[in-house]
Amino acid sequence: MIVSWNTTNACNMYCAHCYRDAGCKANEELSTDEAKTLLEQIARAGFKIMIFSGGEPLMRPDILELVEYATRLKLIAVFGTNGTLITRQMAADLKSAGAKGMGISLDSLDANKHDKFRSFAGAWQGAVDGMKNCREVGLPFQIHTTVMDWNQHELEALTDFAVKIGAKAHHFFFLVPTGRAASIEEESLRAEGYENVLTRIMRKQREVSIELKPTCAPQFLRIADELGVKTRFHRGCLAGLSYCIISPRGKVQPCAYLNMELGDVRETPFDEIWRSNEVLKTLRTLNYSGNCGGCRYKNKCGGCRARAACYNGGDFMSGEPWCKNCNA
């Protein structure tokens, strides 16, 4: 089970696709004490993997203290970060605090394209330097790439780069038009494009020893089956099943891109929200409508619930619009 906490809305970048619309620190973000209480509740709910994300989580002054506390609770502390703040000292401090892995964003091998997408001069070099600093101190890291129409041609080359620089995995994030990403929806892939790219990724998995994992494209499991590619993953969309997200202010959502507030951890303990919320209970029924409801891969893929909601008037149990073989 995996939970992602947006530790802060503060960020040193202004990325075009940010679902959180990060930039400035939000009012009423969880304090250190409130964050520790949240971590206790997350552990109590049975979660194992604790993702510290943002915004940019390394902009939170108490981040090392929180990683240390999460580790004491036997949570596996990992990060989603743009990587530019991972100095060698920070990498060493994170490892000492108990961090087990850093997910570092890299969207192109062309530094100018990456910097433009991230609205930050030097973002590419900063991310690569962050990777090297992690490697030097023995802190595992993986590369995160947001897949767009303008970078989809270089995904295999990015995987080769990931192998060369020492990444443990390369994860591909497929755009869901929420937050700032709504303004670049036309740059995302459609059914044919998704099918093609996912097929390429699964074929690439045969060639490399590191893990390749598409996110918000649960159809990859069907394609892996069809190609005979082995993967450790057994379920596509995890929203509400074994994954959820918590905002900087403590609002719980089924996933990062399904923008529905299910509860406030300041008012209701997280483990209670996770156990009893009606939206989460509905997601766990797997009683989808439309093409997902009749698909023989319903239990393995599940379709992207956030994309279903986005393109079907908020109906998060409806059909996934960009699955080419949704009626397979």
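First, a word on scope: everything that follows refers to the structure included in this document. Each chain has its residues counted from 1, running along the sequence as written. Totals for whole chains, interfaces and linings use all residues, but because this is a predicted model, local features are given only for residues with pLDDT of at least 70 and pairs of side-chain atoms are given and counted only at 80 or more. Think of the side-chain values as coming from all heavy atoms in the structure, minus any hydrogens and water.

**Considering the overall build of the protein**
Strands here mean DSSP runs of E at least two residues long; helices mean DSSP runs of H or I at least four residues long; both are numbered from the N terminus. For the protein, the count of helices and strands is 12 helices and 10 strands. Note that the radius of gyration is over C-alpha atoms, with the globule rule given as 2.2 Å times the number of residues to the power 0.38. Expected size for 328 residues packed as a compact globule is a radius of gyration near 20 Å; at 19 Å, the protein falls within 12% of this value. Taken along the three principal axes of its C-alpha coordinates, the protein extends 50 × 45 × 35 Å. Here the protein, with 328 residues, has 59% of them falling under the buried criterion. Any two residues having at least one pair of non-hydrogen atoms within 4.5 Å are treated as being in contact. By sequence separation, contacts in the protein at least 24 residues apart represent 68% of the contacts at least 6 residues apart. Note on areas: Shrake-Rupley with a 1.4 Å probe; residue coverage comes only from the protein chains shown. In the structure as shown, the protein presents an accessible area of about 13,400 Å², 50% of it carried by carbon and sulfur atoms. Here's how the labels work: a residue is buried when its accessible area is under 20% of the maximum for its type, exposed when over 50%, partly exposed in between, all with a 1.4 Å probe on protein chains only.

**Things to note about empty space enclosed by the protein**
Any residue with an atom within 4 Å of a point lines the site, the site being either a cavity, points on a 1 Å grid over the protein atoms alone where a 1.4 Å probe fits but cannot get out, or a pocket, an open set with protein on both sides within 12 Å along at least 5 of 7 lines. Grid points are joined across faces, edges and corners, and a volume is the space filled by probe spheres set on the points. The final tally for this structure, using the stated rule, is 3 cavities of 30 Å³ or more. The volume enclosed by the largest cavity comes to roughly 90 Å³.

**Regarding the packing of aromatic side chains**
Aromatic rings from Phe, Tyr and Trp, with only the six-membered ring used for Trp, were paired whenever their centres fell within 6.5 Å, and each pair was classed as stacked if the ring planes differed by under 30 degrees, edge-to-face if by over 60, and tilted otherwise. Applying the stated criterion to the full structure yields 8 aromatic pairs. Between tryptophan 124 and phenylalanine 161 the ring centres are 6.3 Å apart and the planes differ by 45 degrees, which places this aromatic pair in the tilted class. Residue tryptophan 124 is located in helix α5 (residues 123–137), and its partner phenylalanine 161 is located in helix α6 (residues 155–165); the two are separated by 37 residues in the primary sequence. Comparing tryptophan 124 with phenylalanine 161, the two get one shared label, buried.

**As for unusual backbone geometry**
Of the consecutive residues glycine 54 and glycine 55, the connecting peptide bond is found in the cis state with omega at 5 degrees. Relative to the elements of secondary structure, glycine 55 occurs in the loop between β2 (49–53) and α2 (63–72). Non-glycine residue serine 119 carries a positive phi angle of around 50 degrees. As for its placement among the helices and strands, serine 119 is situated in the loop between α4 (111–118) and α5. Positive phi is not limited to glycine here, since cysteine 216 has a value of about 60 degrees. Mapping cysteine 216 onto the fold places it in the loop between β7 (211–215) and α8 (220–227).

**Focus on the environment of leucine 85**
One can find leucine 85 in the loop between β3 (76–81) and α3 (88–97). Among the residues examined, leucine 85 registers a relative accessible area of 30% and is labelled partly exposed.

**Remarks on the environment of leucine 227**
Tracing the backbone shows leucine 227 in helix α8. Residues contacting leucine 227, with those up to four places away along its chain left out, are Thr199, Met202, Arg203 and Arg206.

What is shown is where atoms sit, not what they do.
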